[in-house]
Amino acid sequence: MADMLKRVPVREQDPKVRATNFDEVCYGYNKEEAMEEASRCLNCKNAKCIQGCPVSINIPGFIAKVKDGDIEGAYKVIGESSALPAICGRVCPQESQCECKCIRGIKGEPVSIGKLERFVADYALENDIKPQKAEKMNGHKVAVIGSGPSGLTCAGDLAKLGYDVTVFEALHELGGVLVYGIPEFRLPKEKVVKKEIEKVKELGVKFETNVVIGKSTTIDQLMEEEDFEAVFIGSGAGLPMFMGIPGETANGVFSANEYLTRSNLMKAFDDSYDTPIAAGKKVAVVGGGNVAMDAARTALRLGADVHIVYRRSEAELPARVEEVHHAKEEGVVFNLLTNPKEILVDENGWVKGMKVIKMELGEPDASGRRRPIEIPGSEYEIELDTVIMALGTTPNPLIASTTKGLETNRRKCIVAEEENGQTSKACVFAGGDAVTGAATVILAMGAGKAGAKGIHELLSQK
Ligand SMILES: Cc1cc2nc3c(=O)[nH]c(=O)nc-3n(C[C@H](O)[C@H](O)[C@H](O)COP(=O)(O)OP(=O)(O)OC[C@H]3O[C@@H](n4cnc5c(N)ncnc54)[C@H](O)[C@@H]3O)c2cc1C
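A quick note: this is a predicted structure, and the numbers were derived from the prediction, not measured.

**Student:** Before we move on, could you go through a nonpolar patch on the surface and cite the residues and values that matter?
**Tutor:** A cluster of nonpolar residues, Leu42, Ile103 and Ile106, forms a patch on the protein surface that exposes about 300 Å² of accessible area. Examined against the element boundaries, Leu42 turns out to sit in the loop between helix H2 (31–38) and helix H3 (48–51). For Leu42, a relative accessible area of 46% gives the class partly exposed.

**Student:** Could you give an account of the packing of H2 against helix H4 (residues 59–67), naming the residues involved and the relevant values?
**Tutor:** Orientation of H2 relative to H4, taken along the N-to-C sense of each, is 125 degrees, at an axis distance of 8 Å. As judged from the angle between their axes, H2 and H4 are oblique. Judged by the sense of rotation from one axis to the other, the crossing of H2 with H4 is left-handed. When H2 is examined against H4, the residues Ala34, Met35 and Ala38 are found in contact with a partner set consisting of Ile63, Val66 and Lys67. Considered class by class, the residues forming the contact of H2 with H4 number five nonpolar, no polar and one charged.

**Student:** Before we move on, can you summarise the environment of His325 with the specific residues and values?
**Tutor:** Structurally, His325 is set in helix H15 (residues 321–330). A relative accessible area of 42% places His325 in the partly exposed class. C-alpha of His325 to C-alpha of Val211: the two residues are 114 residues apart in sequence and 39 Å apart in space.

**Student:** Could you give an account of the site of the ligand, naming the residues involved and the relevant values?
**Tutor:** The environment of the ligand is formed by 34 residues, the closest being Val91, Ser150, Glu169, Arg186 and Ile213. The contact in question runs from a nitrogen atom of the ligand to an N or O atom on the backbone of Ile213, over 2.9 Å. One nitrogen or oxygen atom from the main chain of Asp433 is found 2.9 Å from an oxygen atom belonging to the ligand. Contact with the protein chains covers 93% of the free accessible surface of the ligand, which is 1,000 Å². Listed by contribution, the elements that provide at least two residues to the shell around the ligand are helix H9 (149–160), helix H14 (290–301) and helix H18 (441–459). Per-element tally for the shell around the ligand: the top contributor is H14, with three residues. Its residues placed into classes, the shell around the ligand shows 18 nonpolar, 12 polar and four charged.

**Student:** Give a detailed account of the environment of Ile103, specifying residues and quantitative values.
**Tutor:** Looking at where Ile103 falls in the secondary structure, it is placed in the loop between helix H6 (85–91) and helix H7 (104–107). Ile103 sits 55 residues away from Lys48 along the chain, and the two C-alpha atoms are 8.0 Å apart. For Ile103, the residues in contact, after removing those within four places along its chain, are Leu42 and Cys44.

**Student:** Give a description of the sheet that holds strand E3 (residues 141–145) that names residues and reports values.
**Tutor:** For sheets, the rule is that strands pair by backbone hydrogen bonds, running either parallel or antiparallel. Reading across from one edge, E5-E4-E3-E6-E18 is the order of the five strands in this open sheet, with parallel pairing throughout. What marks the edges here is a single partner per strand, and that holds for strand E5 (206–208) and strand E18 (428–430). Strand-to-strand twist in this sheet, taken as the mean axis angle between neighbours without regard to direction, amounts to 20 degrees. Pairing between E3 and strand E4 (residues 164–168): five bridges, direction parallel.

**Student:** Give a detailed account of the sheet that holds strand E9 (residues 282–286), specifying residues and quantitative values.
**Tutor:** Overall, parallel pairing links the five strands, which are arranged E8-E16-E9-E10-E11 in an open sheet. The sheet terminates laterally at strand E8 (253–255) and strand E11 (333–335), the two strands that pair on one side only. Across the sheet, the mean angle separating the axes of adjacent strands is 25 degrees when strand polarity is ignored. Bridge count between E9 and strand E10 (residues 305–309): five bridges; the pairing is parallel. Across the sheet, the residue bridging to Val285 is Ile308, located in E10. Its contacts with the sheet put H14 on E9, E10, E11 and strand E16 (386–389), and the angle it makes with E10 is roughly 165 degrees.

The rules behind the values
- Residues numbered from 1 in each chain as written.
- Predicted model: local features only at pLDDT ≥ 70, side-chain atom pairs only at ≥ 80, totals over all residues.
- Heavy atoms only, no water.
- Patch = residues over 30% accessible without salt bridge, like charges linked within 9 Å, V, L, I, M, F, W, Y side chains within 5 Å.
- Areas by Shrake-Rupley, 256 points an atom, 1.4 Å probe, with all protein chains shown as cover.
- Salt bridge = Lys/Arg side-chain N within 4 Å of Asp/Glu carboxyl O.
- Helix = DSSP H or I, 4+ residues; strand = E, 2+ residues; numbered from the N terminus.
- Buried < 20%, exposed > 50% of the residue type's maximum accessible area, 1.4 Å probe, protein only.
- Axes fitted to C-alpha atoms, helices over the stretch in contact; angles between N-to-C directions.
- Parallel < 35°, antiparallel > 145°, perpendicular 65-115°, else oblique.
- Left-handed = near helix turned anticlockwise from the far one by under 90°.
- Contact = heavy atoms within 4.5 Å.
- Nonpolar A, V, L, I, M, F, W, Y, C, P; charged D, E, K, R; others polar.
- Near = heavy atom within 4 Å.
- Polar contact = N/O pair within 3.5 Å; in protein donor to acceptor, adjacent residues only side chain to side chain.
- Pairing = 2+ DSSP bridges.

This is the structure in C-alpha coordinates:
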(Lines give C-alpha, C1' and ligand atoms only; values in the text may rest on other atoms or scores of the structure.)
Protein backbone atom coordinates (compact mmCIF):
# COMPACT_ATOMS: atom_id res chain seq x y z
CA MET A 1 0.00 0.00 0.00
CA ALA A 2 1.46 3.38 -1.04
CA ASP A 3 2.13 6.03 1.63
CA MET A 4 -0.82 8.39 1.04
CA LEU A 5 0.91 11.21 2.94
CA LYS A 6 3.72 11.40 0.42
CA ARG A 7 3.71 12.29 -3.28
CA VAL A 8 4.80 9.85 -5.91
CA PRO A 9 8.32 11.16 -6.59
CA VAL A 10 9.01 12.57 -10.04
CA ARG A 11 12.08 11.48 -11.98
CA GLU A 12 14.65 14.17 -12.86
CA GLN A 13 17.95 14.40 -14.72
CA ASP A 14 20.98 14.00 -12.44
CA PRO A 15 22.13 17.50 -11.31
CA LYS A 16 25.77 16.92 -12.33
CA VAL A 17 24.79 15.77 -15.81
CA ARG A 18 22.11 18.39 -16.45
CA ALA A 19 24.39 21.28 -15.39
CA THR A 20 26.19 20.68 -18.69
CA ASN A 21 23.23 20.30 -21.05
CA PHE A 22 20.02 22.11 -22.07
CA ASP A 23 17.73 19.05 -21.93
CA GLU A 24 14.65 19.20 -19.75
CA VAL A 25 15.42 18.76 -16.04
CA CYS A 26 12.20 17.00 -15.03
CA TYR A 27 11.02 13.83 -16.80
CA GLY A 28 7.44 13.97 -15.46
CA TYR A 29 5.22 11.02 -14.51
CA ASN A 30 4.46 7.95 -16.61
CA LYS A 31 0.87 6.60 -16.67
CA GLU A 32 1.30 4.23 -13.69
CA GLU A 33 2.91 6.96 -11.56
CA ALA A 34 0.21 9.48 -12.58
CA MET A 35 -2.61 7.06 -11.71
CA GLU A 36 -1.00 6.31 -8.34
CA GLU A 37 -0.57 10.00 -7.54
CA ALA A 38 -4.16 10.71 -8.71
CA SER A 39 -5.42 8.13 -6.21
CA ARG A 40 -4.23 10.47 -3.41
CA CYS A 41 -6.84 13.11 -4.39
CA LEU A 42 -9.70 13.21 -1.86
CA ASN A 43 -12.11 14.60 -4.49
CA CYS A 44 -13.30 17.25 -1.99
CA LYS A 45 -16.85 18.55 -2.54
CA ASN A 46 -15.78 22.11 -1.77
CA ALA A 47 -12.54 21.88 -3.77
CA LYS A 48 -10.25 24.62 -2.44
CA CYS A 49 -7.65 23.81 -5.13
CA ILE A 50 -10.01 25.21 -7.80
CA GLN A 51 -10.20 28.50 -5.89
CA GLY A 52 -6.39 28.62 -5.96
CA CYS A 53 -6.27 28.31 -9.76
CA PRO A 54 -6.50 31.66 -11.63
CA VAL A 55 -8.26 29.92 -14.56
CA SER A 56 -10.46 27.71 -12.32
CA ILE A 57 -9.55 24.32 -13.80
CA ASN A 58 -11.85 21.56 -12.48
CA ILE A 59 -8.90 19.94 -10.71
CA PRO A 60 -10.66 17.09 -8.84
CA GLY A 61 -12.63 16.43 -12.06
CA PHE A 62 -9.55 15.88 -14.23
CA ILE A 63 -7.69 14.00 -11.49
CA ALA A 64 -10.63 11.57 -11.08
CA LYS A 65 -10.32 10.76 -14.81
CA VAL A 66 -6.56 10.16 -14.45
CA LYS A 67 -7.24 7.83 -11.51
CA ASP A 68 -9.55 5.80 -13.82
CA GLY A 69 -6.93 5.78 -16.59
CA ASP A 70 -9.12 7.98 -18.87
CA ILE A 71 -6.42 10.45 -19.89
CA GLU A 72 -8.28 11.76 -22.95
CA GLY A 73 -11.26 12.50 -20.67
CA ALA A 74 -8.92 14.28 -18.23
CA TYR A 75 -7.57 16.44 -21.11
CA LYS A 76 -11.12 17.44 -22.08
CA VAL A 77 -11.84 18.56 -18.51
CA ILE A 78 -8.66 20.68 -18.41
CA GLY A 79 -9.36 21.99 -21.94
CA GLU A 80 -12.63 23.59 -20.72
CA SER A 81 -10.49 26.11 -18.78
CA SER A 82 -6.95 26.12 -20.16
CA ALA A 83 -5.44 26.15 -23.64
CA LEU A 84 -1.86 25.72 -22.41
CA PRO A 85 -1.76 22.88 -19.84
CA ALA A 86 1.60 21.37 -20.87
CA ILE A 87 3.14 24.81 -20.31
CA CYS A 88 1.32 25.52 -17.02
CA GLY A 89 2.08 22.03 -15.72
CA ARG A 90 5.75 22.95 -16.06
CA VAL A 91 6.04 26.61 -15.03
CA CYS A 92 3.04 27.56 -12.84
CA PRO A 93 3.84 28.32 -9.19
CA GLN A 94 1.47 25.54 -8.06
CA GLU A 95 3.03 25.56 -4.56
CA SER A 96 1.50 29.00 -3.92
CA GLN A 97 -1.74 28.44 -5.88
CA CYS A 98 -3.72 25.19 -6.28
CA GLU A 99 -1.39 22.89 -4.32
CA CYS A 100 -1.17 25.14 -1.25
CA LYS A 101 -4.95 24.79 -0.85
CA CYS A 102 -4.93 20.98 -1.10
CA ILE A 103 -6.36 19.29 2.01
CA ARG A 104 -3.77 16.51 1.70
CA GLY A 105 -1.18 19.18 2.49
CA ILE A 106 -2.46 19.63 6.07
CA LYS A 107 -1.01 16.33 7.31
CA GLY A 108 1.26 15.34 4.46
CA GLU A 109 2.29 16.48 1.01
CA PRO A 110 -0.33 18.08 -1.26
CA VAL A 111 -1.37 16.19 -4.39
CA SER A 112 1.12 16.88 -7.18
CA ILE A 113 -1.46 18.77 -9.29
CA GLY A 114 1.08 20.43 -11.59
CA LYS A 115 2.84 17.19 -12.46
CA LEU A 116 -0.54 15.50 -13.14
CA GLU A 117 -1.60 18.38 -15.39
CA ARG A 118 1.70 18.08 -17.25
CA PHE A 119 1.26 14.32 -17.68
CA VAL A 120 -2.27 14.71 -19.12
CA ALA A 121 -1.23 17.53 -21.45
CA ASP A 122 1.88 15.69 -22.70
CA TYR A 123 -0.27 12.64 -23.38
CA ALA A 124 -2.64 14.81 -25.45
CA LEU A 125 0.29 16.29 -27.41
CA GLU A 126 1.88 12.89 -28.02
CA ASN A 127 -1.43 11.34 -29.11
CA ASP A 128 -2.57 14.42 -31.04
CA ILE A 129 -5.90 14.72 -29.21
CA LYS A 130 -7.79 17.58 -30.88
CA PRO A 131 -9.26 20.53 -28.94
CA GLN A 132 -13.01 21.23 -29.19
CA LYS A 133 -13.60 23.65 -32.14
CA ALA A 134 -16.49 26.09 -32.54
CA GLU A 135 -19.40 24.59 -34.50
CA LYS A 136 -19.89 27.75 -36.59
CA MET A 137 -18.34 31.20 -36.94
CA ASN A 138 -20.29 34.17 -35.56
CA GLY A 139 -19.07 36.77 -38.09
CA HIS A 140 -17.21 39.03 -35.61
CA LYS A 141 -13.59 39.96 -36.19
CA VAL A 142 -11.14 40.44 -33.27
CA ALA A 143 -7.44 41.39 -33.17
CA VAL A 144 -5.10 40.18 -30.42
CA ILE A 145 -1.74 41.87 -29.90
CA GLY A 146 1.01 39.57 -28.63
CA SER A 147 1.28 35.79 -28.68
CA GLY A 148 2.29 35.26 -25.05
CA PRO A 149 0.06 33.33 -22.65
CA SER A 150 -2.49 36.17 -22.28
CA GLY A 151 -2.89 36.66 -26.05
CA LEU A 152 -2.98 32.92 -26.79
CA THR A 153 -5.61 32.31 -24.12
CA CYS A 154 -7.79 35.22 -25.20
CA ALA A 155 -7.50 34.15 -28.86
CA GLY A 156 -8.25 30.48 -28.08
CA ASP A 157 -11.29 31.27 -25.93
CA LEU A 158 -12.74 33.60 -28.57
CA ALA A 159 -12.10 31.12 -31.40
CA LYS A 160 -13.98 28.45 -29.42
CA LEU A 161 -16.95 30.86 -29.36
CA GLY A 162 -16.81 31.27 -33.16
CA TYR A 163 -14.90 34.58 -33.48
CA ASP A 164 -12.58 35.28 -36.42
CA VAL A 165 -9.36 36.00 -34.47
CA THR A 166 -5.99 37.25 -35.75
CA VAL A 167 -2.97 37.47 -33.43
CA PHE A 168 -0.32 40.07 -34.34
CA GLU A 169 3.14 39.27 -32.98
CA ALA A 170 6.19 41.56 -33.13
CA LEU A 171 8.77 38.74 -33.12
CA HIS A 172 9.33 36.07 -35.76
CA GLU A 173 8.39 33.31 -33.28
CA LEU A 174 5.13 32.84 -31.38
CA GLY A 175 4.90 32.38 -27.60
CA GLY A 176 6.23 35.56 -25.93
CA VAL A 177 8.27 34.86 -22.80
CA LEU A 178 7.51 31.16 -23.23
CA VAL A 179 9.93 31.11 -26.18
CA TYR A 180 12.35 33.97 -25.63
CA GLY A 181 12.54 33.99 -21.80
CA ILE A 182 12.03 30.62 -20.14
CA PRO A 183 14.91 28.29 -21.05
CA GLU A 184 14.68 25.02 -22.93
CA PHE A 185 15.70 22.97 -19.86
CA ARG A 186 12.51 24.10 -18.08
CA LEU A 187 10.17 24.42 -21.02
CA PRO A 188 11.06 22.58 -24.25
CA LYS A 189 10.14 24.67 -27.31
CA GLU A 190 9.62 22.09 -30.10
CA LYS A 191 8.13 19.35 -27.93
CA VAL A 192 5.83 21.54 -25.82
CA VAL A 193 5.43 25.25 -26.66
CA LYS A 194 5.16 24.93 -30.45
CA LYS A 195 2.83 21.94 -30.20
CA GLU A 196 0.56 23.66 -27.69
CA ILE A 197 0.41 26.75 -29.96
CA GLU A 198 -0.50 24.39 -32.83
CA LYS A 199 -3.57 23.41 -30.80
CA VAL A 200 -4.60 27.10 -30.64
CA LYS A 201 -4.16 27.24 -34.45
CA GLU A 202 -6.37 24.15 -34.77
CA LEU A 203 -9.14 26.17 -33.10
CA GLY A 204 -8.99 28.46 -36.15
CA VAL A 205 -6.86 31.33 -34.78
CA LYS A 206 -4.74 33.10 -37.45
CA PHE A 207 -1.26 34.42 -36.64
CA GLU A 208 0.78 37.21 -38.24
CA THR A 209 4.40 37.44 -37.09
CA ASN A 210 6.89 40.33 -37.52
CA VAL A 211 4.10 42.89 -37.03
CA VAL A 212 4.93 45.55 -34.44
CA ILE A 213 1.71 47.28 -33.45
CA GLY A 214 2.60 50.96 -33.04
CA LYS A 215 5.11 50.77 -35.96
CA SER A 216 3.82 48.46 -38.74
CA THR A 217 0.24 49.57 -38.03
CA THR A 218 -1.69 50.94 -35.07
CA ILE A 219 -4.69 49.84 -33.02
CA ASP A 220 -6.70 52.75 -34.43
CA GLN A 221 -5.87 51.61 -37.99
CA LEU A 222 -6.80 48.01 -37.20
CA MET A 223 -10.22 49.18 -36.02
CA GLU A 224 -10.88 51.95 -38.54
CA GLU A 225 -9.32 50.49 -41.70
CA GLU A 226 -9.30 46.73 -41.19
CA ASP A 227 -12.73 46.26 -39.57
CA PHE A 228 -11.57 44.67 -36.33
CA GLU A 229 -14.48 45.22 -33.95
CA ALA A 230 -12.46 44.69 -30.76
CA VAL A 231 -8.79 44.45 -29.80
CA PHE A 232 -7.11 42.61 -26.91
CA ILE A 233 -3.65 43.90 -25.92
CA GLY A 234 -1.42 41.19 -24.45
CA SER A 235 1.91 42.81 -25.23
CA GLY A 236 3.65 41.87 -21.97
CA ALA A 237 6.31 43.75 -20.03
CA GLY A 238 9.50 43.30 -21.97
CA LEU A 239 11.46 46.44 -21.08
CA PRO A 240 14.29 45.61 -18.62
CA MET A 241 15.14 47.74 -15.60
CA PHE A 242 18.67 48.61 -14.45
CA MET A 243 20.08 49.82 -11.12
CA GLY A 244 21.66 53.07 -12.30
CA ILE A 245 25.03 52.25 -10.66
CA PRO A 246 28.43 53.20 -12.15
CA GLY A 247 29.77 50.78 -14.78
CA GLU A 248 26.38 49.43 -15.83
CA THR A 249 26.94 50.34 -19.50
CA ALA A 250 30.23 48.39 -19.74
CA ASN A 251 30.76 45.54 -22.19
CA GLY A 252 29.79 42.27 -20.54
CA VAL A 253 26.74 43.71 -18.74
CA PHE A 254 23.46 42.24 -20.01
CA SER A 255 19.83 42.53 -19.06
CA ALA A 256 18.52 39.02 -18.28
CA ASN A 257 16.01 39.45 -21.11
CA GLU A 258 18.75 40.05 -23.67
CA TYR A 259 20.91 37.22 -22.32
CA LEU A 260 18.03 34.75 -22.33
CA THR A 261 16.77 35.88 -25.75
CA ARG A 262 20.21 35.27 -27.24
CA SER A 263 20.27 31.81 -25.74
CA ASN A 264 16.63 30.70 -26.16
CA LEU A 265 15.35 32.43 -29.27
CA MET A 266 18.63 32.92 -31.12
CA LYS A 267 20.04 29.55 -29.93
CA ALA A 268 23.41 30.93 -28.81
CA PHE A 269 23.92 27.73 -26.78
CA ASP A 270 23.87 25.67 -29.97
CA ASP A 271 27.23 25.54 -31.80
CA SER A 272 25.49 25.38 -35.18
CA TYR A 273 24.16 28.95 -34.67
CA ASP A 274 26.49 31.98 -34.83
CA THR A 275 24.66 34.13 -32.22
CA PRO A 276 27.30 35.59 -29.89
CA ILE A 277 26.85 35.35 -26.12
CA ALA A 278 29.34 36.18 -23.40
CA ALA A 279 29.92 32.72 -21.98
CA GLY A 280 31.92 34.30 -19.18
CA LYS A 281 34.16 32.38 -16.80
CA LYS A 282 32.71 34.08 -13.73
CA VAL A 283 29.22 35.52 -13.96
CA ALA A 284 27.16 37.45 -11.40
CA VAL A 285 23.38 37.52 -11.78
CA VAL A 286 21.78 40.36 -9.83
CA GLY A 287 18.26 39.55 -8.57
CA GLY A 288 16.38 36.66 -6.97
CA GLY A 289 13.30 35.94 -9.12
CA ASN A 290 12.56 33.22 -11.67
CA VAL A 291 14.27 35.32 -14.33
CA ALA A 292 17.47 35.48 -12.25
CA MET A 293 17.42 31.69 -11.71
CA ASP A 294 16.90 31.09 -15.45
CA ALA A 295 19.77 33.43 -16.38
CA ALA A 296 22.05 31.85 -13.75
CA ARG A 297 21.30 28.28 -14.82
CA THR A 298 21.78 29.22 -18.48
CA ALA A 299 25.20 30.82 -17.77
CA LEU A 300 26.13 27.71 -15.76
CA ARG A 301 25.29 25.48 -18.72
CA LEU A 302 27.42 27.72 -20.93
CA GLY A 303 30.36 26.81 -18.68
CA ALA A 304 30.56 29.67 -16.15
CA ASP A 305 31.07 29.78 -12.41
CA VAL A 306 27.81 31.57 -11.45
CA HIS A 307 26.95 33.74 -8.44
CA ILE A 308 23.51 35.09 -7.59
CA VAL A 309 23.74 38.49 -5.87
CA TYR A 310 20.53 39.22 -3.94
CA ARG A 311 19.96 41.95 -1.37
CA ARG A 312 17.53 40.11 0.90
CA SER A 313 17.75 36.66 2.55
CA GLU A 314 16.73 33.25 1.22
CA ALA A 315 13.24 33.53 2.76
CA GLU A 316 12.47 36.55 0.56
CA LEU A 317 13.74 35.08 -2.73
CA PRO A 318 10.82 35.64 -5.14
CA ALA A 319 11.74 32.69 -7.39
CA ARG A 320 9.82 29.42 -7.17
CA VAL A 321 11.18 27.11 -4.46
CA GLU A 322 11.75 24.39 -7.08
CA GLU A 323 13.88 26.76 -9.21
CA VAL A 324 16.07 27.78 -6.26
CA HIS A 325 16.47 24.13 -5.28
CA HIS A 326 17.45 23.14 -8.83
CA ALA A 327 19.89 26.07 -9.14
CA LYS A 328 21.62 25.08 -5.88
CA GLU A 329 21.77 21.41 -6.85
CA GLU A 330 23.44 22.39 -10.13
CA GLY A 331 26.10 24.49 -8.39
CA VAL A 332 24.91 28.12 -8.55
CA VAL A 333 26.40 30.02 -5.57
CA PHE A 334 24.04 32.33 -3.63
CA ASN A 335 25.49 35.59 -2.26
CA LEU A 336 22.51 36.62 -0.12
CA LEU A 337 22.12 39.91 1.79
CA THR A 338 24.54 41.43 -0.72
CA ASN A 339 23.94 44.39 -3.04
CA PRO A 340 26.01 45.78 -5.94
CA LYS A 341 27.44 49.30 -5.50
CA GLU A 342 29.51 49.57 -8.68
CA ILE A 343 30.53 47.48 -11.68
CA LEU A 344 34.31 47.63 -12.08
CA VAL A 345 35.50 48.14 -15.65
CA ASP A 346 38.94 47.55 -17.22
CA GLU A 347 40.81 49.96 -19.51
CA ASN A 348 39.11 48.43 -22.59
CA GLY A 349 35.60 49.02 -21.27
CA TRP A 350 34.92 45.39 -20.20
CA VAL A 351 33.60 44.22 -16.85
CA LYS A 352 36.37 43.09 -14.49
CA GLY A 353 34.50 42.88 -11.20
CA MET A 354 31.84 44.25 -8.91
CA LYS A 355 31.97 46.24 -5.68
CA VAL A 356 29.25 44.94 -3.36
CA ILE A 357 28.05 45.73 0.15
CA LYS A 358 26.62 43.45 2.83
CA MET A 359 23.03 44.08 3.91
CA GLU A 360 20.85 43.32 6.94
CA LEU A 361 17.07 43.18 7.16
CA GLY A 362 15.10 45.94 8.89
CA GLU A 363 11.36 46.52 9.29
CA PRO A 364 8.91 45.35 6.58
CA ASP A 365 8.45 47.78 3.65
CA ALA A 366 5.36 48.49 1.49
CA SER A 367 5.71 45.04 -0.17
CA GLY A 368 5.45 43.38 3.28
CA ARG A 369 9.02 42.05 2.97
CA ARG A 370 11.72 43.16 5.42
CA ARG A 371 13.62 46.14 4.04
CA PRO A 372 17.32 45.50 3.26
CA ILE A 373 19.69 48.02 4.88
CA GLU A 374 23.36 48.50 4.03
CA ILE A 375 25.91 47.59 6.72
CA PRO A 376 28.37 50.56 6.73
CA GLY A 377 31.98 49.66 5.93
CA SER A 378 31.14 46.14 4.67
CA GLU A 379 32.00 46.76 1.00
CA TYR A 380 34.19 44.25 -0.81
CA GLU A 381 35.08 43.45 -4.42
CA ILE A 382 34.53 40.31 -6.45
CA GLU A 383 36.27 39.46 -9.73
CA LEU A 384 33.91 38.86 -12.67
CA ASP A 385 33.80 39.03 -16.44
CA THR A 386 30.02 39.11 -16.98
CA VAL A 387 27.10 40.69 -15.11
CA ILE A 388 23.45 39.87 -15.81
CA MET A 389 20.84 42.26 -14.41
CA ALA A 390 17.57 40.49 -13.53
CA LEU A 391 15.81 43.31 -11.69
CA GLY A 392 12.38 43.20 -13.28
CA THR A 393 10.76 44.65 -16.39
CA THR A 394 8.09 47.19 -17.33
CA PRO A 395 5.74 47.36 -20.34
CA ASN A 396 7.08 48.96 -23.51
CA PRO A 397 5.32 52.36 -23.94
CA LEU A 398 5.01 51.98 -27.76
CA ILE A 399 1.39 50.80 -27.88
CA ALA A 400 0.12 53.30 -25.33
CA SER A 401 1.90 56.17 -27.09
CA THR A 402 0.40 55.30 -30.49
CA THR A 403 -3.21 54.59 -29.41
CA LYS A 404 -5.61 57.52 -28.88
CA GLY A 405 -7.34 57.50 -25.49
CA LEU A 406 -5.51 54.53 -23.94
CA GLU A 407 -4.78 55.27 -20.30
CA THR A 408 -1.65 54.02 -18.50
CA ASN A 409 -0.55 54.36 -14.88
CA ARG A 410 2.73 55.71 -13.49
CA ARG A 411 4.34 52.26 -13.88
CA LYS A 412 3.60 52.49 -17.66
CA CYS A 413 1.05 49.66 -17.31
CA ILE A 414 -2.19 49.85 -19.31
CA VAL A 415 -5.16 50.52 -17.04
CA ALA A 416 -7.81 47.79 -17.47
CA GLU A 417 -10.69 46.29 -15.46
CA GLU A 418 -9.68 43.06 -13.72
CA GLU A 419 -13.03 41.43 -14.37
CA ASN A 420 -13.22 41.88 -18.17
CA GLY A 421 -10.04 43.62 -19.35
CA GLN A 422 -11.89 46.76 -20.51
CA THR A 423 -9.47 49.69 -20.97
CA SER A 424 -10.21 53.43 -21.08
CA LYS A 425 -10.77 53.09 -24.86
CA ALA A 426 -14.01 51.66 -26.23
CA CYS A 427 -13.70 48.15 -27.72
CA VAL A 428 -10.08 47.85 -26.55
CA PHE A 429 -9.27 45.29 -23.85
CA ALA A 430 -5.96 44.37 -22.21
CA GLY A 431 -4.46 41.87 -19.79
CA GLY A 432 -1.36 40.02 -18.63
CA ASP A 433 1.98 41.66 -17.86
CA ALA A 434 1.04 44.72 -19.98
CA VAL A 435 -1.53 45.53 -17.27
CA THR A 436 -0.05 44.06 -14.08
CA GLY A 437 3.66 44.46 -14.78
CA ALA A 438 5.82 41.31 -14.74
CA ALA A 439 3.78 38.50 -13.11
CA THR A 440 3.11 34.83 -13.99
CA VAL A 441 1.96 32.69 -16.90
CA ILE A 442 -1.24 31.60 -15.21
CA LEU A 443 -2.19 35.14 -14.15
CA ALA A 444 -1.64 36.26 -17.76
CA MET A 445 -3.85 33.38 -18.90
CA GLY A 446 -6.52 34.35 -16.37
CA ALA A 447 -6.42 37.91 -17.75
CA GLY A 448 -6.67 36.56 -21.33
CA LYS A 449 -9.80 34.65 -20.31
CA ALA A 450 -11.29 37.73 -18.65
CA GLY A 451 -10.53 39.75 -21.83
CA ALA A 452 -12.24 37.12 -24.00
CA LYS A 453 -15.27 37.24 -21.70
CA GLY A 454 -15.37 41.07 -21.91
CA ILE A 455 -15.11 41.02 -25.71
CA HIS A 456 -17.81 38.34 -25.97
CA GLU A 457 -20.14 40.35 -23.71
CA LEU A 458 -19.60 43.38 -25.93
CA LEU A 459 -19.83 41.79 -29.38
CA SER A 460 -22.57 39.27 -28.68
CA GLN A 461 -24.89 42.27 -28.07
CA LYS A 462 -24.24 43.58 -31.61
C1 LIG B 1 12.94 34.46 -17.88
C2 LIG B 1 11.54 34.42 -17.37
C3 LIG B 1 11.14 33.32 -16.62
C4 LIG B 1 9.85 33.24 -16.14
N5 LIG B 1 9.47 32.14 -15.43
C6 LIG B 1 8.19 31.99 -15.06
C7 LIG B 1 7.74 30.82 -14.40
O8 LIG B 1 8.50 29.91 -14.13
N9 LIG B 1 6.43 30.71 -14.08
C10 LIG B 1 5.55 31.70 -14.38
O11 LIG B 1 4.36 31.52 -14.11
N12 LIG B 1 5.94 32.85 -14.95
C13 LIG B 1 7.24 33.02 -15.31
N14 LIG B 1 7.64 34.17 -15.92
C15 LIG B 1 6.66 35.24 -16.15
C16 LIG B 1 5.73 34.91 -17.32
O17 LIG B 1 6.45 34.33 -18.38
C18 LIG B 1 5.00 36.16 -17.77
O19 LIG B 1 4.30 36.67 -16.67
C20 LIG B 1 4.02 35.85 -18.91
O21 LIG B 1 4.70 35.33 -20.03
C22 LIG B 1 3.25 37.10 -19.31
O23 LIG B 1 2.43 36.79 -20.41
P24 LIG B 1 1.90 37.93 -21.40
O25 LIG B 1 1.08 37.23 -22.40
O26 LIG B 1 1.29 39.02 -20.62
O27 LIG B 1 3.20 38.55 -22.07
P28 LIG B 1 4.47 37.95 -22.84
O29 LIG B 1 4.70 36.52 -22.56
O30 LIG B 1 5.57 38.91 -22.54
O31 LIG B 1 4.05 38.08 -24.37
C32 LIG B 1 3.87 39.35 -24.95
C33 LIG B 1 4.04 39.21 -26.45
O34 LIG B 1 3.64 40.45 -27.06
C35 LIG B 1 4.57 40.76 -28.09
N36 LIG B 1 4.53 42.21 -28.30
C37 LIG B 1 4.99 43.19 -27.48
N38 LIG B 1 4.78 44.39 -28.02
C39 LIG B 1 4.18 44.17 -29.21
C40 LIG B 1 3.73 45.03 -30.25
N41 LIG B 1 3.86 46.35 -30.16
N42 LIG B 1 3.16 44.48 -31.38
C43 LIG B 1 3.03 43.13 -31.49
N44 LIG B 1 3.45 42.27 -30.50
C45 LIG B 1 4.01 42.79 -29.41
C46 LIG B 1 5.89 40.28 -27.53
O47 LIG B 1 6.86 40.08 -28.57
C48 LIG B 1 5.48 38.97 -26.87
O49 LIG B 1 5.54 37.89 -27.77
C50 LIG B 1 8.94 34.29 -16.40
C51 LIG B 1 9.35 35.42 -17.12
C52 LIG B 1 10.64 35.48 -17.61
C53 LIG B 1 11.07 36.70 -18.40
